[in-house]
Structure formats: C-alpha cells, structure tokens
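# Summary of structural features
So the chains spell out like this:
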Amino acid sequence: MKPRITVITLGVQDLQRSVRFYQEGLGLPTEGIVGEEFEHGAVAFFDLQNVKLALWGRQDIAHEANVRQTSPNPTECTIGHNVGSKEEVDLVMEQAKQAGAVISDPAHDTFWGGYSGHFQDPDGHLWEVVWNPHWELD
C-alpha cells in the first residue's frame with residue numbers, strides 16, 4: 001500500500017441536508033449528488049486539495065461494505081482542517097456555526113502552542129480547525 005489517501009467518505013443520514021451544509025454552509029465545491037439511478041448509489045463528492053470528500057448514506061455504506069450499521073460515535077475519527085492563523089481558525093469556526101454546526105470545543109490556545117476548536121457537522125462528524133505554528137501551508 002502506498003502512503004496516499006484519495007477519498008474520505010462520511011456516512012450520513014440525510015444526503016441532501018449534508019450536501020447543503022458542506023456546499024452552501026462551508027463553501028466546498030461539488031457537482032452535487034450523483035448516482036441516484038442506482039440502488040445504494042447516491043453520493044456527493046467535494047473537491048479538496050489532493051483528496052475528495054464523499055458523502056454517502058450510512059445504510060448504503062453498510063450494504064456496500066457488508067457490515068452491520070451501528071450507532072454513530074463522533075470520537076472514532078476526526079477530520080483536521082489546518083489553516084494559516086489563529087484568526088482563520090476563528091473565521092472558519094464562525095462559518096461552521098452559521099452553517100448549522102454544533103461547536104463542541106470553542107477555539108482556544110492549545111497546550112502544544114497551537115490554536116484550535118472543534119465542531120460537529122449535521123451527522124455528528126467531528127472536525128478540528130487548527131493553526132499549527134510548526135507547519136507551513138501551501
């Protein structure tokens with residue numbers, strides 16, 4: 001296996017609601033929902049830098065992967081969004097809040113010298129918005 005991730009798929013309960021949150025609320029680019037003509041096929045892809053974010057129904061993921069659908073747990077995975085400054089953390093956190101996200105951890109200085117906050121999307125997926133003074137962004 002090569003050290004590369006090309007798609008991160010989030011299981012969602014209401015695909016249209018989640019697409020609105022990410023497209024209209026957070027401003028992520030997408031062509032919308034595709035694959036609706038297939039049973040278990042409706043999915044939306046968002047273009048990020050060098051990776052795609054996919055939204056797919058939780059029941060459809062369970063069907064495709066042949067696993068039992070369980071209750072969601074926000075602590076199983078976090079998605080990190082690194083930004084260039086403390087001010088940008090605050091701006092993204094406010095954008096997420098205005099889009100309907102739940103702010104679970106308001107932005108604050110971290111013990112390791114950075115600045116971060118956490119929010120949950122409409123399905124409870126946990127995002128960290130973070131400025132790390134030790135990382136340079138392109």
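Report follows, based on the coordinates. These numbers come from a predicted model, not from an experiment.

### Digging into the overall build of the protein chain
Each helix and strand in the protein chain was counted, giving 3 helices and 8 strands. When its helices and strands are written in sequence order, the protein chain yields β-α-β-β-β-α-β-α-β-β-β. The principal-axis extent of the C-alpha atoms belonging to the protein chain is close to 45 × 35 × 30 Å. When the accessible surface of the protein chain is split by element, carbon and sulfur atoms take 50% of a total near 9000 Å². For the protein chain, the separation between the mean place of its 9 positive charges and that of its 21 negative charges on side chains is 5 Å.

### Concerning the sheet that holds strand S3 (residues 43-47)
Within a beta sheet, neighbouring strands are joined by backbone hydrogen bonds and run either parallel or antiparallel to one another. Pairing is mixed in the open sheet, where 4 strands are placed in the order S1-S4-S3-S2. The open sheet has two edge strands, strand S1 (7-12) and strand S2 (30-34), and neither has a second partner. Direction aside, the axes of adjacent strands within the sheet are offset by 20 degrees on average. When S1 meets strand S4 (residues 52-57), the two strands line up parallel, connected through 6 bridges. The residue bridging Val 12 from the neighbouring strand is Gly 57, located in S4.

### A look at the environment of Pro 106
Secondary-structure assignment places Pro 106 in strand S6 (residues 102-109). Taking the C-alpha atoms as reference, Pro 106 lies 40 Å from Glu 39; in sequence the two are 67 residues apart. Beyond its immediate sequence surroundings of up to four residues, Pro 106 is in contact with Ser 116 and Gly 117.

### Some details on helix H2 (residues 58-65)
Of all the residues in H2, the buried ones are Arg 58, Asp 60 and Ala 62. Its buried side turned inward, H2 meets S1 and S4. One or two residues past the end of H2 sits Asn 66, with phi positive at roughly 60 degrees.

### Quick word on the sheet that holds strand S5 (residues 78-83)
Pairing in this open sheet of 4 strands is mixed, and the strands run S5-S8-S7-S6 from one edge to the other. On the outer flanks of this sheet lie S5 and S6, each paired with one strand and no other. Each strand axis lies, on average, 15 degrees off the axis of its neighbour in the sheet, ignoring direction. Two elements, S5 and strand S8 (residues 126-131), share 6 bridges in a ladder whose sense is parallel. Looking across to S8, one finds that Asn 82 is bridged to Val 130. On top of the sheet, helix H3 (residues 86-99) reaches S5, S6, strand S7 (115-120) and S8; it is set at about 10 degrees to S7, its chief contact.

### Examining the side chain of Thr 110
Within the fold, Thr 110 resides in the loop between S6 and S7. Leaving out residues up to four positions away in the same chain, Thr 110 has contacts with Tyr 115 and Ser 116.

The rules behind the values
- Here the residue index of a chain counts from 1 through its sequence in written order.
- Only residues with pLDDT of at least 70 are given local features in this predicted model, and only at 80 or more are side-chain atom pairs given and counted; all residues enter the totals for whole chains, interfaces and linings.
- Hydrogens and waters are ignored; side-chain quantities use all the structure's heavy atoms.
- Under the scheme used here, helices are H or I runs from DSSP no shorter than 4 residues and strands are E runs no shorter than 2 residues, and both carry numbers assigned from the N terminus.
- Methods summary: accessible areas were calculated by the Shrake-Rupley approach with a probe of 1.4 Å, and residue burial reflects only the protein chains presented.
- A positive count includes Lys and Arg, and a negative count includes Asp and Glu. His and the chain ends are not counted in either.
- Just so you know, the charge point we use is NZ for Lys, CZ for Arg, CG for Asp and CD for Glu.
- Two strands qualify as a pair provided DSSP detects at least 2 bridges between them.
- Note on geometry: axes are lines fitted to C-alpha atoms, helical ones only across the stretch in contact, with angles between N-to-C directions running from 0 to 180 degrees.
- In what follows, a contact means two residues having at least one pair of non-hydrogen atoms within 4.5 Å.
- Think of it in three bands: residues with accessible area under 20% of the maximum for their type are buried, residues over 50% are exposed, and the middle band is partly exposed, with areas taken using a 1.4 Å probe on protein chains only.

So yeah, pure geometry; function would need other evidence.
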